[in-house]
Amino acid sequence: QVQLIESGGGLVQAGGSLRLSCAASGRTFINYVMGWFRQAPGKEREFVAAVRSYGATHYTDSAKGRFTISRDNAKNTVTLRMNSLKPEDTAVYSCAAKDKNSGSEYDRASDYDYWGQGTQVTVSS
């Protein structure tokens, strides 16, 4: 089992920044690809960003250039820095972990084994 706890959500004005953190415990952190997903009201969960064991990153198109995902394998944490936030970024953001040996896909929620409880991000216009 891997336990994931997110923090750092909140209310911010458009153009502002937020930093989301996810603390992992339970198993060897480096064995997992870590991802961030989000779900807005009435919409399906969507991929935001992922970081592989040794730092390779992937982003959805809307996050490129604005969001940065990173991980600290010594501290078992993954961070999502979000800049130039827009009202359409409003959603519940969830941290997720998938076994690094379970395939090369990184943007399908169904491939992730463990999920945090989510943290609300609200961007006002």
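Here, every reference points to the structure presented above.
Below you will find a few notes about this structure. Within each chain, residues carry numbers counting from 1 in the order of the written sequence. Totals for whole chains, interfaces and linings use every residue, but because this is a predicted model, local features are given only for residues with pLDDT of at least 70 and side-chain atom pairs only at 80 or more, for both listing and counting. Note: side-chain values were computed over all heavy atoms of the structure, leaving out hydrogens and water.

Only a pair of cysteine sulfur atoms within 2.5 Å qualifies as a disulfide here. For the structure shown, the criterion picks out 1 disulfide. For Cys22, the disulfide goes to Cys95, at an S-S distance of 2.1 Å. Sign of the S-S torsion, about -80° for the bond between Cys22 and Cys95, identifies this disulfide as left-handed. Residue Cys22 is located in strand E3 (residues 18–25), and its partner Cys95 is located in strand E9 (residues 91–99); the two are separated by 73 residues in the primary sequence. Exposure remark for Cys95: the relative accessible area of 0% places this residue in the buried category. The way it works is that DSSP assigns letters per residue, a run of H or I at least four long becomes a helix, a run of E at least two long becomes a strand, and they are numbered from the N terminus. The cut-offs for exposure are 20% and 50% of the maximum accessible area for each residue type, with area from a 1.4 Å probe on protein chains only; residues under the lower value are buried, those over the upper are exposed, and the others partly exposed.

Turning to unusual backbone geometry, a few remarks are in order. For Asn76, which is not glycine, the phi dihedral falls at a positive 55°. Here Asn76 shows up in the loop between strand E7 (67–72) and strand E8 (77–82). Classification of Asn76 as partly exposed rests on a relative accessible area of 24%. Positive phi is not limited to glycine here, since Ser84 has a value of about 50°. Position of Ser84 among the secondary structure elements: in the loop between E8 and E9. Residue Ser84 is classed as partly exposed on the basis of its relative accessible area, which comes to 40%.

Time to look at the sheet that holds E8. Between any two strands, pairing holds if DSSP finds at least two bridges. The 4 strands lie next to each other as E1-E3-E8-E7, forming an open sheet whose pairing is antiparallel. One side of each edge strand has no neighbouring strand; the edge strands of this open sheet are strand E1 (3–7) and E7. When strand polarity is set aside, the average angle formed by the axes of neighbouring strands in this sheet is 15°. Axes here refer to lines fitted to C-alpha atoms; in helices the fit is confined to the stretch in contact. Angles between the N-to-C directions go from 0 to 180 degrees.

For this analysis, a nonpolar core means a set of buried residues of the types Ala, Val, Leu, Ile, Met, Phe, Trp, Tyr and Cys, connected via side-chain atoms within 4.5 Å. Counting 29 residues, the largest nonpolar core has Leu4, Met34, Trp36, Leu80, Met82 and Tyr93 as the members making the most contacts within it. When near neighbours in sequence (up to four residues on either side) are disregarded, Leu80 contacts Leu18, Arg19, Leu20, Trp36, Val48, Ala49, Phe67, Thr68, Ile69 and Tyr93. One finds Phe37, Phe47, Ala50 and Ala96 within the second-largest nonpolar core, a separate group that totals 6 residues. Only heavy atoms matter for contacts: two residues are in contact if any of them lie within 4.5 Å across the pair.

Next up on the list: the packing of aromatic side chains. Put simply, two rings from Phe, Tyr or Trp (the six-membered ring, in Trp's case) pair if the centres are within 6.5 Å, and we call them stacked under 30 degrees between planes, edge-to-face over 60, tilted for the rest. Applying the stated rule across the entire model yields 6 aromatic pairs. Taken together, the ring pairs in this structure connect Phe37, Phe47, Tyr106, Tyr112 and Trp115 into an aromatic cluster. Cation placement over rings: the criterion is NZ of Lys or CZ of Arg within 6 Å of the ring centroid and within 35° of the ring normal. The cationic tip of Arg45 hangs over the ring face of Trp115; the distance from NZ or CZ to the ring centre is 4.0 Å. Above the face of the Phe29 ring, Arg71 is positioned so that its terminal group lies 4.4 Å from the ring centre.

Looking now at the pattern of salt bridges. For this document, the term salt bridge refers to a Lys or Arg side-chain nitrogen within 4 Å of an Asp or Glu carboxyl oxygen. Taken as a whole and judged by the stated rule, the model has 5 salt bridges. Arg38 is paired through a salt bridge with Asp89; the nearest N and O atoms lie 2.9 Å apart. In this pair, Arg38 is assigned in strand E4 (residues 32–39) and Asp89 in the loop between E8 and E9, connecting sequence segments 51 residues apart. You'll find Arg38 and Asp89 in the same group, each marked buried. Measuring nitrogen to oxygen at the nearest pair gives 2.7 Å for the salt bridge that ties Arg66 to Asp89. Here Arg66 is found in the loop between strand E6 (57–59) and E7, whereas its partner Asp89 is found in the loop between E8 and E9, with 23 residues between them in sequence. Assigned by exposure class, Arg66 and Asp89 land together as buried.

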